[in-house]
Amino acid sequence: MDATMADGTALKAPQDAPLEPPIAATTASEPDLALPAEVVYALVCSWKGQKLDVNVVASDTVGDLKAMLWSLTSVPVDRQKIVGLVKGKLPGDEAEVVSLGLLQGGGAPKPFMMIGTPEGEEHREVGPTENRAAEVDIDYTAAQAAASAAAQGVRNRRKLKETIDSVTLDIMNPPRPGKKLVVLDLDHCILDTTLWKEDNFVAEHFARPYLHEFLRAVSPFYDIVVWSQTSWRWLEQKLMELNMIGEGAQHQYNVVTTVDRKPMFNVYSTRENGQPHKHEVKALGLLWAKFPDFYSSANTIHLDDLSRNFAMNPKNGLKVKAYKDALFNTHTDTELVYAARYLLQLVNAPDFTQLDHSRFKKAAKYPLPLPPGVVDPLTWLKKDDEAGPPPPAAPEGGGGAGEGAGDAEGGASAAGPSA
Ligand SMILES: [Mg+2]
């Protein structure tokens, strides 16, 4: 090869003509044979859950890399945040891309990540802000005494009062006299948001199995509040996509209001190792104060995958398993079937705080009466069995799905006209 021209610096654009590559004087029919062969780095950039192939050559600059990412993603260069190539601040656009250290120990290209919103999609850039980083959960169903102490703290009661005084809730549907209240968490309780950054994230595909069956079954007896540690925009958008609210909603559930992160305040709990732990809480006292004629600790049940959210009201909390693998669990997750059945059993309970909600799946085995005339939710599982999909997993702690459902066979059709 023409070693005389192999000096990389000769390939840089002169400073007074930055827009013109140095080979501009060469026509296509007369290629610049003096150009040295350059090493190509086949980089892989993660962005919004996608893997992008980005091939740079040794003489490319950091600015060239950004321009490539722009063309691949429509994220303008000034909005790109490139993570994983260098520690700390990225060098200037004029720096050679090789100065980033593109190879890792074994010689393979370093994978890296780009964060940024494409032009024109800024309004879509809302998402769950639930603090999953602080995954520490506190098992209030096993440590209710500690939680009660938290609930009684003067400081926490004052925080609650300040929240009640400062927060206004928008009413979507008025509360119905005589109904009980179910408070539903959104993320990982009725919806798996793990993949929400995918462009094709459609909430309905990631709804927890049996969500609408659950809502249909409990709606005659319960009003609904959805409370999510997130922004109201994301929350209401997802509820629309889930067909739970809005004019296009296929089913009219009595969703009284939604509550976002704003009314959540910090409390301090004690972990099992004795360490104090600060976290936000969903204090149901807010709802009881806003709707005193309708809801109280005696008739409110709160479904959530994080029991630390129950800290102020541990006896009203029903912890469900976090729903995180929507792509794999659609035929096996039965949490809402058992929750629906339990909530129907609760209809006859005078005071919800007198029951141990952690046993909600086992309650299927006990003869707590269901309200007259309702179809036992366990028959939903039976129907699925007949339809072909894999059978649902048995709930924890025994009590197979088939148990109890056996008697109910034909229950759905028992109401047919007789003679
Ligand atoms: Mg959650």
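Residues numbered from 1 in each chain as written. Predicted model: local features only at pLDDT ≥ 70, side-chain atom pairs only at ≥ 80, totals over all residues.

As recorded by an unreviewed UniProt entry, the protein carries the name protein-serine/threonine phosphatase and is attributed to Leucosporidium creatinivorum. The heading Cofactor (unreviewed entry) in the UniProt record of the protein holds the text "Mg(2+)". As recorded by UniProt, the Subcellular location (unreviewed entry) comment attached to the protein reads in full: "Nucleus". (UniProt positions renumbered as here; feature names shortened; annotations may be inferred.)

Here we look at the overall build of the protein
When helices and strands are counted, the protein shows nine helices and eleven strands. Each of the 419 residues in the protein was classed as buried or not, and the buried ones make up 32%. Sequence separation of 24 or more characterises 71% of the internal contacts of the protein that already satisfy a separation of 6 or more. (Helix = DSSP H or I, 4+ residues; strand = E, 2+ residues; numbered from the N terminus. Buried ≥ 20, exposed ≤ 12 C-beta atoms within 10 Å, placed from the backbone. Contact = placed C-beta atoms within 7 Å.)

A word on the sheet that holds strand β5 (residues 180-184)
Backbone-to-backbone hydrogen bonds join strands into a sheet, with any given pair of strands oriented parallel or antiparallel. The parallel open sheet is built from five strands, whose spatial order is β7-β6-β5-β10-β11. The open sheet has two free edges, formed respectively by β7 (255-259) and β11 (317-319), since each of these has just one partner strand. Sheet twist, expressed as the average angle between the axes of neighbouring strands with direction ignored, equals 20°. On top of the sheet, helix α8 (residues 335-346) reaches β5, β6 (222-227), β10 (300-304) and β11; it is set at about 170° to β10, its chief contact. (Pairing = 2+ DSSP bridges. Axes fitted to C-alpha atoms, helices over the stretch in contact; angles between N-to-C directions.)

What about the pairing of β5?
In terms of burial, β5 is a largely internal element, five of the five residues being buried. Of the two faces of β5, the one holding Lys180, Val182 and Leu184 and the one holding Leu181 and Val183 are both buried throughout. For β5 and β6, the ladder comprises five bridges, and the chain directions are parallel. Across the sheet, Leu181 pairs through a bridge with Asp223, a residue of β6. The sheet contact formed by β5 and β10 spans four bridges and is parallel. The residue bridging Leu184 from the neighbouring strand is Leu303, located in β10.

Details of the confidence of the model for the protein
With 73% of its residues at a pLDDT of 70 or more, the protein has an overall mean of 78. Here residues 388-419 is a poorly scored stretch, pLDDT under 50, and it has 44 contacts once near neighbours within four places are set aside; other chains count. (pLDDT = per-residue confidence, 0-100.)

Some details on helix α5 (residues 232-241)
For an α-helix the count is 3.6 residues per turn, leaving residues at separations of three or four pointing the same way. Within α5, the full set of buried residues consists of Trp234, Leu235, Lys238 and Leu239. What you see down the axis of α5 is that its buried residues fit within an arc of 130°, all on one side. Where α5 is buried, its residues contact β6 and β7. Asn243, located one to two residues past α5, shows a positive phi value of around 60°. (Arc of directions from axis to C-beta.)

Some details on the environment of Phe360
Relative to the assigned elements, Phe360 resides in the loop between α8 and α9 (378-387). Taking the C-alpha atoms as reference points, Phe360 and Tyr342, 18 residues apart in sequence, are found 5.8 Å from one another. Not counting residues up to four positions away in its chain, the partners in contact with Phe360 are Leu318, Tyr338, Ala339 and Tyr342.

Some points on helix α1 (residues 62-73)
The first and last C-alpha atoms of α1 sit 16 Å apart over twelve residues, in line with the 16 Å expected at 1.5 Å per residue. Where α1 is concerned, the buried positions are Val62, Leu65, Lys66 and Leu69. The buried residues of α1 occupy an angular sector of 95° when projected down its axis, which confines them to one face. The inward-facing, buried residues of α1 contact β1 (40-47), β2 (50-57) and β4 (112-115). Phi turns positive one or two residues past the end of α1, at Ser74, with a value near 65°. (Expected span 1.5 Å × (residues − 1).)

A closer look at the packing of helix α4 (residues 211-218) against α8
Interaxial distance between α4 and α8 falls to 9 Å at its minimum, and their mutual angle equals 5°. It follows that α4 is roughly parallel to α8 by the angle criterion. Judged by residue contacts, Leu211, Glu213, Phe214, Ala217 and Val218 of α4 engage Leu336, Ala339, Ala340, Leu343 and Leu344 from α8. Residues of the contact of α4 with α8, tallied by class, amount to nine nonpolar, no polar and one charged. (Parallel < 35°, antiparallel > 145°, perpendicular 65-115°, else oblique. Nonpolar A, V, L, I, M, F, W, Y, C, P; charged D, E, K, R; others polar.)

Brief notes about the sheet that holds β2
Spatially, four strands are ordered β2-β1-β4-β3 in an open sheet, and the strand pairing comes out mixed. Only two strands of the sheet have a single neighbouring strand rather than two, namely β2 and β3 (81-83). Averaged over all pairs of adjacent strands, the angle between their axes in this sheet comes to 30°, without regard to strand direction. Relative to β4, β3 is paired through three bridges, and the arrangement is antiparallel. Looking across to β4, one finds that Ile82 is bridged to Met114. Strand contacts of α1: β1, β2 and β4, with the helix running at about 145° to β2, the strand carrying the most contacts.

Concerning the nonpolar core
Residues Val182, Ala339 and Leu343 are the most contacted members of the largest nonpolar core, which totals 65 residues. The biggest single contributor to this core is α8, with nine residues. Non-local contacts of Ala339, meaning those with residues more than four positions away in its chain, are made with Phe214, Leu303, Leu318, Val320 and Phe360. Counting eleven residues, the second-largest nonpolar core is a separate cluster that includes Val75, Leu85, Val97 and Leu100. (Core = buried A, V, L, I, M, F, W, Y, C linked by C-beta atoms within 7 Å.)

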